[in-house]
Amino acid sequence: MAASWIPSTFISQVAGLLEKAQFTTLTHEFMVVVVFFVSFITWRHFSRSKPGFSRGGQGKFSGREGDTKATRMRFDVSRNAEPLLSRQRANEILPQVRAAEQQMLKHLEQREFTRALNMYRMLERDKRDRHFSAELYSAFIQSAVRVGKVDVVDRMLRAMKRSGMTPSLQFWQTTLKMLSSRRHFSTCLATHSVFGSLMPADKIIYSCLINAALEVGEPDRAAAMLERYGEADIDIRDHVLFFRTYVALKDVDSAETMLRKLGENITTLMLNLLLLACINARQPQRAFDFLLDAHRIEEGVAEKIVDVVSYNTVIKGFAQVGQPAECFECLHQMLSQKLEPDDITFGTLLDACILDNDMGAAHQIVNRLMGIAHRPMDTVMCTLFIKGLVRANCLPKALELYDEMKRREDARPDIVTYSVLTKALVDQHDLDRALQLVEDMNAAGQSPDDIIVTHLLEGCRHAGNHVLGKRLFVDMVASGVKPSEFTLITMLKLHGRCGAHKEAFNLVAGWRGQHGFAPSVIHYTCLMSGCLRTKNYDQAWAAYELMRTNGVAPDGTAIATLLPGMVAAQQWGRVLALAQHALMAPTPVAVPPETLNNALSQMLAVGGNTAQGEQLRAMMQSAGIAVTARISRHLPDPISQ
């Protein structure tokens, strides 16, 4: 039956040909072509007009659903073929990758890190790094840590994550311990950022990570890891890390919760960390309450929990918030528990009294310190208290403590004690009492050092006692004490104060030969300053020439000290010489511009110095110093010239 979609003329033509075929000589080949053509046209029609029709018979799918499922079928076939091709390619390159891996491992074993890294980068560009083993990555990371290439560590870890590797427990423990021991804390945290929860819940791993977060100042990040750390097999002492984190966070509530959880198993270190968390949060009273709770816990256990450090922490907290009365209450509680205060205890109490300006309480502390006969009061602790009393302007009380030290066999004053008290007495201009300390030293078989003698020389300068100062210096040198540069400065000040400029000059001139080191520009400047103070300008200039002769270059302070003196003496040639050295030297010396402009003004104010003034102005302009002196009436205008 002919279909309606085939043109009638075409059908009639084909029918006519078929009828004639019985009576004509049509070839068999033409008939084959016609039949094939008709079949093709029929197949195309039905494949487009009837859904589900496909090559080979009735189709299985229909409409858009059929198209989608057919496409999916072809994609599944292609996708199933891709792994097969990938496996075939991997099987081809795997031997090459294994050979290269062995070569890189050999380089790393021979400490040839750069060569191994270059090979890795070349293979990485060819996308072959996904076939590397965990052994190679582990060797690379450990070598990178040893040579400090933490960027390579991060790169290798990300490559492992990209390749879908799951590092072993031993790998993580070794890597993180190596990074922590070399203080690469940021890299430790970077490993956690890459792998996160894929890292095993191991106490070594998470202790390294938490410590790293605390070291870099990220306590919040450390706190986020505590839950995972708690899932590991940790014992009682491992809970210290919880308290360390709470101290950094100033989280007293969480620290208290952990304290209640551990109960009698709490250790001294955990308690002290809890107390420190309270102090950091400025809650000393709460810390004191925890201290009392710890004493109640001690009643049911064999070992003591509270120690001297615990009380010192609480006392320090009360001192920081300005509560000295509570400091003493804490001290009394400490003594009632048969705990002996140490140097830090008394020092903290003394500082609290000084800050509160409570000298009465400070005296009570010192009296208690001196009144405990059975307590081994050593020299260092007493000297520490003397320093605190001197700093608080309690010199009489410091001297009382000094007298107590002399009576005790276990706390004899040492050289530091004498030095502190000598300087304090000199500052109070009590030279006689300071000299009495020197006699005490000699009676105790000790000799003053250069520091104590320098303090005494300073006292002589204040008192204007030139003779005593010279005698002290001579006695010091005769006793074999080598004077210091500070001793020389003090002697120069003493000579200058008393007008003995020639003696000061001779002292500096012969210092290197007598004492083994050359005076510096500071000493020469001090010598010139003393001469200028008494208007001894020629002696000051002689000191300058001595300095230049001895090869000591004057600095800005030396020039600025001497130049006004030469201006006051109207020694214009010397003024120009100083300016030339300061401004025209290969390494110019910085001199205040106002000093030079004042010299120029004074020079021009005196008649007959036009040429010298022109030289000074030219040097100043050449050095880039603005000329502010009024020179229009004295010097020609350089612009008009």
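Given the structure is predicted, the values throughout are model-derived calculations rather than measurements.

I'm lost on the overall build of the protein chain in this one. Help?
Within the protein chain, the secondary structure is distributed over 33 helices and two strands. Within the protein chain, buried positions represent 44% of all 641 residues. A separation of at least 24 residues holds for 62% of the contacts in the protein chain among residues at least 6 apart in sequence.

Can you walk me through helix α9 (residues 203-215) in this structure?
Side chains that are three or four residues apart share a direction in an α-helix, a result of its 3.6 residues per turn. An ideal rise of 1.5 Å per residue puts 18 Å on 13 residues; α9 measures up with 18 Å between its terminal C-alpha atoms. Of all the residues in α9, the buried ones are Ile205, Tyr206, Ser207, Cys208, Leu209, Ile210, Ala212, Ala213 and Leu214. Taken together, the buried residues of α9 touch α7 (169-181), α8 (185-195), α10 (219-230) and α11 (240-249). Trailing α9 by a residue or two, Gly217 shows a phi angle of about 80 degrees, which is positive.

How should I be thinking about unusual backbone geometry in this particular structure?
Trans peptide bonds make up most of the peptide bonds, and negative phi angles are found at most residues other than glycine. The phi dihedral of His429 falls on the positive side, at around 60 degrees, and the residue is not glycine. Note on placement: His429 falls in the loop between α21 (415-427) and α22 (431-443). Within the chain, Gln570 stands out as a residue other than glycine whose phi angle is a positive 55 degrees. By secondary structure assignment, the location of Gln570 is in the loop between α30 (556-568) and α31 (572-584). Among the residues examined, Gln570 registers a relative accessible area of 45% and is labelled partly exposed.

Sorry if this is basic, but what is going on with the confidence of the model for the protein chain here?
Low pLDDT means the predicted coordinates in that region are not meant to be read closely. For the protein chain, the mean per-residue pLDDT works out to 82, and 80% of the residues sit at or above 70. Residue range residues 1-6 is modelled with pLDDT below 50. Its contacts to residues more than four positions away, or to other chains, number six contacts. Note on residues 632-641: pLDDT under 50 across the span, and 10 contacts to partners over four residues away in sequence or across chains.

What is the right way to look at the side chain of Gln539 in this model?
Along the polypeptide, Gln539 turns up in helix α29 (residues 537-549). Gln539 sits in the buried class, given a relative accessible area of 17%. Among all residues touching Gln539, those that are not within four sequence positions of it are His501, Lys502, Phe505 and Cys531.

I keep staring at helix α12 (residues 252-262) and nothing clicks. Help me out?
Those residues of α12 that sit buried are Val252, Ala255, Met258, Leu259 and Leu262. Take α12 and look down its axis: the buried residues cluster within an arc of 125 degrees, on one side only. What points out from α12, more than 90 degrees from its buried face, is the exposed set Thr257 and Lys261. Of the surrounding elements, those touching the buried residues of α12 are α11, α13 (268-280) and α14 (284-298).

I'm lost on the packing of α14 against helix α15 (residues 308-320) in this one. Help?
Think of two packed helices as two axes; the pair is described by the angle between the axes and how far apart they sit. Following both chains from N to C, one finds α14 and α15 inclined at 160 degrees, their axes separated by 9 Å at the closest point. One way to sum up the angle between α14 and α15 is to call them roughly antiparallel. As for the relative orientation of α14 and α15, their crossing is left-handed in sense. Across the interface between the two elements, Pro284, Gln285, Ala287, Phe288, Leu291 and His295 from α14 touch Ser310, Tyr311, Val314, Gly317 and Phe318 from α15. Taken together, the residues of the contact of α14 with α15 sort by class into seven nonpolar, four polar and no charged.

Got a minute to help me understand the nonpolar core in this structure?
In this structure, Met104 and Phe140 are the most contacted members of the largest nonpolar core, which totals 90 residues. Excluding anything up to four places from it in sequence, Phe140 contacts Met104, Leu108, Phe113, Ala116, Leu117, Tyr120 and Met156. Core analysis: the second largest hydrophobic core is formed by 85 residues, Ala398, Leu401, Met547 and Val591 among them.

How should I be thinking about the packing of α12 against α14 in this particular structure?
Contact geometry of α12 with α14 gives a least axis separation of 13 Å together with a crossing angle of 5 degrees. Between α12 and α14, the angle falls in the class roughly parallel. Along the contact surface, α12 presents Val252, Asp253, Glu256, Leu259 and Arg260, while α14 presents Arg286, Phe290 and Asp293. Here the residues of the contact of α12 with α14 are counted per class, giving three nonpolar, no polar and five charged.

Is there a simple way to explain the environment of Val567 in this structure?
Inspection of the secondary structure puts Val567 in helix α30. Residue class for Val567 comes out buried when judged on its relative accessible area of 9%. Expressed as a C-alpha distance, the spacing of Val567 and Gln602, which sit 35 residues apart in the sequence, is 7.1 Å. If we ignore the near neighbours within four places in the chain, the residues touching Val567 are Trp572, Val575, Ala599 and Gln602.

So what exactly am I meant to see when it comes to the pattern of salt bridges here?
Side chains that differ in charge, positive against negative, can pair when their charged atoms come close. The full count for this structure, using the stated rule, is 23 salt bridges. Two residues, Lys406 and Asp440, come together in a salt bridge whose shortest N-O distance is 3.6 Å. Residue Lys406 is located in helix α20 (residues 395-407), and its partner Asp440 is located in helix α22; the two are separated by 34 residues in the primary sequence. With a relative accessible area of 30%, Lys406 lands in the partly exposed category. Here Lys423 makes a salt bridge to Asp427, at a shortest N to O gap of 3.0 Å. Of the two residues, Lys423 and Asp427 are both situated in helix α21; the distance of four residues between them amounts to about one turn of the helix. Linked by salt bridges that have partners in common, Asp253, Glu256, Arg260, Arg286, Asp293 and Arg296 make up one network.

Quick question: what am I supposed to make of the side chain of Thr525 here?
Tracing the chain through its elements places Thr525 in helix α28 (residues 521-533). Apart from the residues within four sequence positions on either side, Thr525 is in contact with Asp555, Thr557, Ala558 and Thr561.

Parameters at a glance
- Residues numbered from 1 in each chain as written.
- Predicted model: local features only at pLDDT ≥ 70, side-chain atom pairs only at ≥ 80, totals over all residues.
- Heavy atoms only, no water.
- Helix = DSSP H or I, 4+ residues; strand = E, 2+ residues; numbered from the N terminus.
- Buried < 20%, exposed > 50% of the residue type's maximum accessible area, 1.4 Å probe, protein only.
- Contact = heavy atoms within 4.5 Å.
- Expected span 1.5 Å × (residues − 1).
- pLDDT = per-residue confidence, 0-100.
- Arc of directions from axis to C-beta.
- Axes fitted to C-alpha atoms, helices over the stretch in contact; angles between N-to-C directions.
- Parallel < 35°, antiparallel > 145°, perpendicular 65-115°, else oblique.
- Left-handed = near helix turned anticlockwise from the far one by under 90°.
- Nonpolar A, V, L, I, M, F, W, Y, C, P; charged D, E, K, R; others polar.
- Core = buried A, V, L, I, M, F, W, Y, C linked by side-chain atoms within 4.5 Å.
- Salt bridge = Lys/Arg side-chain N within 4 Å of Asp/Glu carboxyl O.

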